[in-house]
Amino acid sequence: MFLSLLLFLFTLIAILVAILVVPFLRRHLISRFVLKFYNKILPPISQTEREALDAGTVWWEGELFSGKPDWDKLLVYPKPELTPEEKAFLEGPVEELCAMLNEWQITHELQDLPPHVWQFIKDNGFFGLIIPKSYGGYGFSALAHSEVVMKISSRSGTAAVTVMVPNSLGPAELLLHYGTEEQKNYYLPRLAKGIEVPCFALTGPDAGSDAGSIPDFGIVCRSEYNGQSDVLGMKVTWEKRYITLGPVATLLGLAFRLRDPDHLLGGEVDLGITLALIPTNTPGVNIGRRHFPLNGAFQNGPNSGKDVFIPMEWIIGGQERVGQGWRMLMNSLAAGRSISLPATSTGAAKLAARTSGAYGRVRVQFKTPVGFFEGVEEALARIAGNTYMMDAARIMTAGAVDLGEKPSVISAIVKYHLTERSRQAINDAMDIHGGKGICMGPSNYLARTYQQIPVGITVEGANILTRTMIIFGQGAIRGHPYVLQEINAAHLADKKKGLIAFDHALAGHVTFSIRNVYRSLLLGIGGKYLKNHPDSALADTIPYYQQLTRFSAAFALLTDIAMLTLGGSLKRKERLSARLGDILSMLYLCSATLKKFENDGQPVADLPLLHWSIQDALYRTQQAFDEFLSNFPGHFLIRIWLRWQVFPLGKRCSPPSDELSHRIARLILEPGEVRERLTAGIYVPTDDNEPLAQLEQALSCAINCEPIEARLRAATKEGQLTAKGDGKIAQAVALNLISAEEAVLLDKMKILRRRVIMVDDFTPSFD
Ligand SMILES: Cc1cc2nc3c(=O)[nH]c(=O)nc-3n(C[C@H](O)[C@H](O)[C@H](O)COP(=O)(O)OP(=O)(O)OC[C@H]3O[C@@H](n4cnc5c(N)ncnc54)[C@H](O)[C@@H]3O)c2cc1C
């Protein structure tokens, strides 16, 4: 009897193992049914969504989704570096341009760049940074492009937007990748030399975030054109708005849906989104009015056209690219979004760090530099820590583009998180500057940047949408090692092949999930005893690699559970998706920060910045896990199990301590190598009339004067010094409490401090 039972059990196990291991059996007894279920839970994916999902490449985020990031691989990615030619451009024309810019004059008096600045930008090839040398451009790296935009943005948002747009998602980028040889040969040299001013028009009144639904259309037809009859082309009707450089553009890149009701192209009626380049002097193109985006003086406006005939050759890439517009845009977005907004955001944060540190030291209240108060320290620390992490992410992402990647998910991460952190940094800087930041005028170096913050938040994928839909929504499908394979298999027209491919992906997926179940628990309990870090890591950074590995495994587990239990409805559960997106984003930002520290040669002096930014991000990651688990709609037993998986020993990450905040605030309250490294790459004028130069001078002088001022305060307390106001210094010299040179320094400080703390004033009628 016992033997029969044993035999029965053995046979049962053998059958189960055979079903799992033999593909033919597994396919027909398991995968076939799972595929049916899968098709039911799979959210419907429209063609535009599909093209957006397919856009770009998967890079480091693939490792973060794996639950087992290979840190050695991260450190082996080459350090992004500028060539001598790129450095010379930054030190030459970019510095020169910055020196020419006066943001108050631009935004308040002219509401435009002055004509000589426009000419300088065109003559010096600022519109051709990404255009290869063979077409007359500079062929710069993404890193150089980022550095140029960052430096200009620290001086003038208007000029930065003007330079960045032609180098970003505009006609040049599209032509480079998709243009016909004829189009490239004609337009690229003209764009590089500034003979053409480009813009790109996708957004309209009815299609903002949902840009795939643009109502603008073209109808394929034959018409007379340029003296020739019967030319094949299309009549295009559109209404666009918010188009940067639109009012001054000579070349309009236009997105519209092309229809061919008479089958002149021999195919379908609805051909899909198509992109064309239209000279703005084409009869019927209405252009020239402008919007006024939050006091920014960059050119931005609406444009429209009705039944404007354009020949087939004006389609970017010619007739063979008809209907491919959405894919072309999404691919360009994956690269462009990785560079421009991260650069402007980091430029703004560096400006906030440099000026707030200096102002915090120069501005004295309650007989103390305001930066020494704990409350202000907290804001200073946030600015410094955020700036460090932002710069790390900016550089690593530009480096990925230079490696040939078009990292679409990462581009969404840096777009969202760097614009948000920039908003935080500028808000903190405004608080620290008090009324000095609020009163507008030529000496206010912060206010315009503050006003412009919502522009970065809104463009290239508005932030709420990017956080709640794109980062995890696209990441889970693209970055996950098996999900896209499963989706593709489920959509295969050949059902037999589809089942084989699905079965293959499913087998990998199940093994992957099981591994993450035990890994997340094991790492949660004893991760610090396992070697989850690169050999070269400093002892200070090892715990971070270990924590990130643990969080990566827990994230991979939650991703699978969320997709399995919520299926298609996860798309609508935007707040859950947002929290998973936050986790993925923090893992990326921390990776970039560790990579930066290694690339910089592990400078020990920067460690406080690294500690602050990573501890803050790990704490935020823990919060995102916690909120996800608290709001997960599954059965309570699943919730209890998941919480145990993710936090087996409880929530152990804490935000950066007050002591650490104090240390990093001090790093930007005085000149030094750390402050220089943190704010490297922004424009710091030296001309004595420049408010920023005056601030720098006052900072150095304030530090030299502090011990002297302390002596005066002590002497006053002890009753030695009795004079008030201006007489105090003279009395201190007479009593030999300070030297004559020290008295001169104190007098100088008075002047410098007053120059810094004063704000502009105007006549009552602003004449
Ligand atoms: C200064 C400026 C310059 C611009 N330059 C250009 C340009 O050169 N070319 C061009 O084509 N366009 C340009 N744009 C347009 C820009 O890309 C759009 O403004 C952007 O896509 C958002 O569209 P919207 O403003 O209509 O906002 P809406 O789409 O109306 O969105 C409103 C809010 O709803 C949120 N939202 C929408 N859908 C969802 C969702 N499913 N889930 C969660 N939240 C959602 C958004 O995040 C946003 O917060 C520019 C805009 C500005 C302001």
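Everything below is about the structure printed above this text.
Thresholds applied
Residues numbered from 1 in each chain as written. Predicted model: local features only at pLDDT ≥ 70, side-chain atom pairs only at ≥ 80, totals over all residues. Heavy atoms only, no water. Helix = DSSP H or I, 4+ residues; strand = E, 2+ residues; numbered from the N terminus. Buried < 20%, exposed > 50% of the residue type's maximum accessible area, 1.4 Å probe, protein only. Lys, Arg positive; Asp, Glu negative; His and termini not counted. Salt bridge = Lys/Arg side-chain N within 4 Å of Asp/Glu carboxyl O. Contact = heavy atoms within 4.5 Å. Phe/Tyr/Trp six-rings, centres within 6.5 Å; stacked < 30°, edge-to-face > 60°. Expected span 1.5 Å × (residues − 1). Near = heavy atom within 4 Å. Polar contact = N/O pair within 3.5 Å; in protein donor to acceptor, adjacent residues only side chain to side chain. Areas by Shrake-Rupley, 256 points an atom, 1.4 Å probe, with all protein chains shown as cover. Patch = residues over 30% accessible without salt bridge, like charges linked within 9 Å, V, L, I, M, F, W, Y side chains within 5 Å. Core = buried A, V, L, I, M, F, W, Y, C linked by side-chain atoms within 4.5 Å. Disulfide = S-S within 2.5 Å.

Chemist: Explain the side chain of Glu598 here, please?
Modeler: Within the fold, Glu598 resides in helix 23 (residues 574–599). For the buried Glu598, no salt bridge exists, and the shortest N-O distance to an oppositely charged side chain is 8.4 Å, to Lys595. Not counting the four nearest positions on each side in its chain, Glu598 is found in contact with Leu75, Ser536, Ala537, Leu538 and Tyr545.

Chemist: What is the right way to look at the packing of aromatic side chains in this model?
Modeler: What characterises a pair of aromatic rings is the spacing of the ring centres plus the angle enclosed by the ring planes. For the structure shown, the criterion picks out 22 aromatic pairs. Seen from their ring centres, Tyr186 and Tyr187 are 4.9 Å apart, and the 75 degrees between their planes marks the pair as edge-to-face. Relative to Phe625, the ring of Phe551 has its centre 5.2 Å away and its plane inclined at 40 degrees; by these criteria the two rings are tilted. In this pair, Phe551 sits in helix 22 (residues 542–566) while Phe625 sits in helix 24 (residues 607–631), placing the two residues 74 residues apart along the sequence.

Chemist: Can you walk me through helix 22 in this structure?
Modeler: Since there are 3.6 residues in each turn of an α-helix, residues three or four apart along the chain are aligned in direction. In this model, helix 22 (25 residues) spans 36 Å end to end at C-alpha, consistent with the 36 Å of a helix rising 1.5 Å per residue. Among the 25 residues in helix 22, 21 count as buried, and that is most of the element. A positive phi of about 50 degrees marks Gly567, the residue just after helix 22.

Chemist: When you look at the environment of Lys68 in this model, what are you seeing that I'm missing?
Modeler: Looking at the element boundaries, Lys68 is found in the loop between helix 4 (60–66) and helix 5 (71–76). Separated by 447 residues in sequence, Lys68 and Arg515 have C-alpha atoms that sit 9.9 Å apart. Apart from residues lying up to four places away in sequence, Lys68 is in contact with Glu63, Arg515, Arg519 and Ser552.

Chemist: Mind showing me how you'd approach the site of the ligand here?
Modeler: Near the ligand there are 20 residues, and of these Leu202, Thr203, Ser209, Tyr242 and Glu574 occur at the shortest range. At a separation of 2.8 Å, a nitrogen atom of the ligand approaches a polar backbone atom of Phe200. The fraction of the free accessible surface of the ligand (980 Å²) that becomes covered by protein chains is 68%. Considering each element in turn, the shell around the ligand owes the most residues, four residues, to helix 19 (residues 463–478).

Chemist: Sorry if this is basic, but what is going on with a nonpolar patch on the surface here?
Modeler: A cluster of nonpolar side chains, Ile13, Val17, Leu20, Val21, Val22, Phe24, Leu25 and Leu29, forms an exposed patch at the surface whose accessible area comes to about 720 Å². The biggest single contributor to the nonpolar patch is helix 1 (residues 2–21), with four residues. With respect to the helices and strands, Ile13 occurs in helix 1.

Chemist: How should the nonpolar core be read in this particular structure?
Modeler: Within soluble globular proteins, side chains that are nonpolar generally end up buried alongside one another. Judged by nonpolar contacts, the single largest core of 131 residues is most densely connected at Trp60, Phe555, Tyr588 and Phe625. In this structure Phe555 touches Leu64, Phe65, Phe472, Leu580, Ile583, Leu584, Leu587 and Phe625, once residues within four positions along its chain are discounted. Core analysis: the next-biggest nonpolar cluster, separate from the first, contains 57 residues, Leu90, Leu113, Phe120 and Val220 among them.

Chemist: What exactly am I supposed to notice about the state of the cysteines here?
Modeler: As used in these notes, a disulfide is a covalent bond between sulfur atoms, one from each of two cysteines. The full count for this structure, using the stated rule, is zero disulfides. Not engaged in a disulfide, the cysteine Cys701 finds its nearest cysteine sulfur in Cys705; these two sulfurs lie 4.1 Å apart. Looking at Cys701, the relative accessible area reads 3%, which means it is buried.

Chemist: What's the story with the pattern of salt bridges in this structure? I'm lost.
Modeler: Side chains carrying opposite charge are able to pair once their charged atoms draw close together. Inspection of every chain in the model, using the stated rule, returns 35 salt bridges. The salt bridge involving Asp270 is made with Arg257; its shortest N-O contact spans 3.6 Å. Note that Asp270 is positioned in strand 5 (residues 270–279) and Arg257 in strand 4 (residues 251–259), a separation of 13 residues in sequence. For Asp270, a relative accessible area of 39% corresponds to the partly exposed category. Arg257 sits in the partly exposed class, given a relative accessible area of 25%. Residues joined in a network through salt bridges with shared partners are Glu147, Lys350, Asp391 and Arg394.

Chemist: Mind showing me how you'd approach the environment of Val483 here?
Modeler: Within the secondary structure layout, Val483 lies in helix 20 (residues 483–491). With 22 residues separating them along the chain, Val483 and Ala505 place their C-alpha atoms 8.0 Å apart. Those residues in contact with Val483 that sit more than four places away from it in its chain are Tyr38, Ala476, Ile477, His509 and Met563.

Note that all results are geometric; they support no functional claim without further evidence.
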